[in-house]
Amino acid sequence: MQNTNLNFAIIGAGIGGLTVALALKQQGFGVAVYERTSVMTEIGAGLLLSPNAVSILDALGLREELRTISIETPEWRVLNSNGAILAKIHPQVGEVPGLSLRRSDLQQLLVRRLEPNLIHLDFEAIQITPGKDGRRLIDFANGEQVTHDWVIAADGIHSQIRNSFFQETVQRRSHYVGWRAMVDFIPKGWENGMVTETWGRGMRFGLASTGSNRCYWYASANRGFDQATKLEERKPLLLQLFKEWHHPVKDVLSATPHGQILETSIAERPVPKHWHKNGVILLGDAAHAMTPNLGQGAAMAVEDAWELSECLKNNPTISRALNLYEQHRRHRVQIVQWASRWVGLAIQTESPFLCAIRDNLVRITPSFATRASLRWIFQPSVKD
Ligand SMILES: Cc1cc2nc3c(=O)[nH]c(=O)nc-3n(C[C@H](O)[C@H](O)[C@H](O)COP(=O)(O)OP(=O)(O)OC[C@H]3O[C@@H](n4cnc5c(N)ncnc54)[C@H](O)[C@@H]3O)c2cc1C
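Starting afresh in each chain, residues are numbered from 1 along the sequence in its written order. The model is predicted, so local features are restricted to residues of pLDDT at least 70 and side-chain atom pairs to those at 80 or more, both for listing and for counting; the totals for chains, interfaces and linings are taken over all residues.

Student: I tried to follow the sheet that holds strand β7 (residues 99–102) on my own but got confused; where do I start?
Tutor: Two orientations exist for strands paired in a sheet by backbone hydrogen bonds: parallel and antiparallel. Across the sheet, three strands lie side by side as β3-β7-β4; this open sheet has antiparallel pairing. Looking at which strands have only one partner, the edges of the open sheet turn out to be β3 (46–49) and β4 (70–72). Across the sheet, the mean angle separating the axes of adjacent strands is 20° when strand polarity is ignored. Between any two strands, at least two bridges found by DSSP are needed for them to pair. In this description a helix means any DSSP run of H or I spanning at least four residues, a strand means any run of E spanning at least two, and both kinds are numbered starting from the N terminus. As judged from the four bridges shared by β3 and β7, these two strands associate in the antiparallel manner. Following the sheet pairing, G46 is matched in β7 by R102. Helix axes use the C-alpha atoms of the stretch in contact, all axes being lines fitted to C-alpha atoms, and the angles between their N-to-C directions lie in the range 0 to 180 degrees.

Student: Mind showing me how you'd approach the sheet that holds strand β15 (residues 203–211) here?
Tutor: Across the sheet, which stays open at both edges, the seven strands sit in the order β6-β5-β14-β15-β16-β13-β17 with mixed pairing between neighbours. Edge positions in the sheet fall to β6 (85–89) and β17 (262–268), since each of these pairs with one other strand and no more. Going from strand to strand, the sheet's axes swing by 20° on average, the running direction of each strand aside. Here strand β5 (residues 75–80) pairs with strand β14 (residues 194–199) via six bridges, running parallel. By the bridge assignment for β14, N80 is matched with W199.

Student: Can you walk me through the pairing of strand β16 (residues 214–222) in this structure?
Tutor: With C-beta atoms placed from the backbone, the exposure class of a residue follows from how many other C-beta atoms lie within 10 Å of its own: 20 or more, buried; 12 or fewer, exposed; in between, partly exposed. Along β16, seven of the nine residues are buried, which leaves the element largely enclosed by surrounding structure. Here eight bridges tie strand β13 (residues 172–183) to β16, and the two strands are oriented antiparallel to one another. Bridging across to β16, G178 finds its partner in S220. Between the antiparallel neighbours β15 and β16 lie two residues, among them S212 with a positive phi of about 50°.

Written out as structure tokens, the structure reads:
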């Protein structure tokens, strides 16, 4: 696109918002990021990044630093509730590895690559209206007002911008809850770079090292949306739920400091028909929040960011670029969201009969078949 004078307001400094800010800045567009929180705190514990996302972050020039803040994960193991291996998954595609890291380290890396004056903290967008000059006027809760040519809504699963602009407020709730935390602890016998996910009856426990003698764990159990627990109740609850589980689940939970366990009621946002309207563009969870069963939510946000910047770079008009962005993303995201939902249903089943079938199916599926089915998702979006 010739007109790089265009100026984008990005609402939300999550992984999606920061990645699109960097990608657009590198194309020469004007960007400013507005984040409602006043500090970029440690949100979201750890993150597994699959090669499709890693290849994009590498292409944005983050390769070296990304490797220093993460650890490669050559093998992901699926275990049954006794700790026996059901399947081994090797996420690497070609030269591009899967990575495990602390989420806030990735956010900080992206922030470092943007000029500090491009990120505005304590700016909660509360209203977007057409300005007199045909641009978008954004009002913030702190009383400030700014005007930009376009607004990118990267404000997450509860996106107020999507609610008000696209009138699509529906969330599809799952019947399970996820917990996660970082812990300064490496269990006995644990190999660096190892990732395991254990499936039980209606429950799971995942563990990954993130380097620097730290682990990231996540767990899920079937519970209603109205069964939220207080911060101090979480550790005792999880120790109780997972008390019979194999080594090192109990040790990892015991080593987790009280008050540092995040709880999320798992939900999706249906993929919208249109991804842009009246000067507002949807990106990341705001467009298509998905269940975390395939570890693809952040990866899809990174892909959105890349695709949007590529479409803007390669097309003569913004309307053509945005129509292509929508077309290129919708189908892929729909499939990944759908697959993630079904994997979640299989993992969270409580029926002993169905659990036995599930575990046996996973155990007898040849590794080449598993690799082939995941390859479509993990395939790097950017070729060297
Ligand atoms: C348990 C769990 C485990 C997961 N594990 C993985 C994984 O291993 N790999 C993976 O790829 N994905 C994973 N995900 C998914 C991933 O966390 C999300 O898909 C990803 O964070 C979405 O990024 P985002 O930038 O779109 O939204 P968010 O990260 O939610 O960021 C939105 C930002 O917008 C800000 N904001 C909101 N409203 C406003 C407003 N009005 N004004 C200004 N700012 C605002 C918020 O404060 C926030 O900073 C997991 C999710 C869960 C629940």
